[in-house]
Amino acid sequence: SNGREDGLDGIVDPAGYGCTGERLHTVRIEMRVNDVVIEDRFLWDLKASNNDPELFARQYCDDLQLPSDCTALVAHAIREQLKL
């Protein structure tokens, strides 16, 4: 394994994407809220100043039609993993 197979294992090597202005990190969402189980992963660019965990979580939950209870939990999971 070269550590860059799918780009979703921890800190991602920017050279693998041909981009030097990014600092990508994998965020994993694994939670259960009432009868809803959420398992997902995505890349988060730590250098993008317009990335906001709360706004992302709100849109993410709206897009997936998740209960509003999930928004704060998703935002918290993002912040916890990225140490924000």
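Heads up: the structure comes first, above all this text.
Model, not experiment: these values are computed from the prediction. (Residues numbered from 1 in each chain as written. Predicted model: local features only at pLDDT ≥ 70, side-chain atom pairs only at ≥ 80, totals over all residues. Heavy atoms only, no water.)

Draft legend 1. Structural view of the environment of Ala 48. Here Ala 48 is to be found in the loop between β2 (36-45) and α1 (53-63). Its relative accessible area of 22% is what places Ala 48 among the partly exposed residues. For Ala 48 and Leu 24, which are 24 residues apart along the polypeptide, the C-alpha to C-alpha distance reads 9.5 Å. (Helix = DSSP H or I, 4+ residues; strand = E, 2+ residues; numbered from the N terminus. Buried < 20%, exposed > 50% of the residue type's maximum accessible area, 1.4 Å probe, protein only.)

Draft legend 2. The arrangement of the packing of α1 against helix α2 (residues 69-82) in detail. It is at 8 Å that the axes of α1 and α2 come closest, and there the two elements cross at 135°. As the angle between them shows, α1 and α2 are arranged oblique. α1 and α2 meet at a crossing whose hand is right-handed. Along the contact surface, α1 presents Pro 53, Glu 54, Phe 56, Ala 57, Arg 58, Tyr 60 and Cys 61, while α2 presents Cys 70, Thr 71, Val 74, Ala 75, Ile 78 and Arg 79. Counted by class, the contact of α1 with α2 contains nine nonpolar, one polar and three charged residues. (Axes fitted to C-alpha atoms, helices over the stretch in contact; angles between N-to-C directions. Parallel < 35°, antiparallel > 145°, perpendicular 65-115°, else oblique. Left-handed = near helix turned anticlockwise from the far one by under 90°. Contact = heavy atoms within 4.5 Å. Nonpolar A, V, L, I, M, F, W, Y, C, P; charged D, E, K, R; others polar.)

Draft legend 3. Highlighting the packing of aromatic side chains. The tally for this structure, following the rule as stated, stands at four aromatic pairs. On the numbers, 4.8 Å between centres and 40° between planes, the contact of Phe 42 with Phe 56 is tilted. Remark: Phe 56 occurs in helix α1 and Phe 42 occurs in strand β2; sequence separation between them is 14 residues. Phe 56 sits in the partly exposed class, given a relative accessible area of 28%. Aromatic pair Trp 44 and Phe 56: ring centres 5.4 Å apart, planes at 80°, arrangement edge-to-face. Of this pair, Trp 44 sits in strand β2 while Phe 56 is found in helix α1, placing the two residues twelve residues apart along the sequence. (Phe/Tyr/Trp six-rings, centres within 6.5 Å; stacked < 30°, edge-to-face > 60°.)

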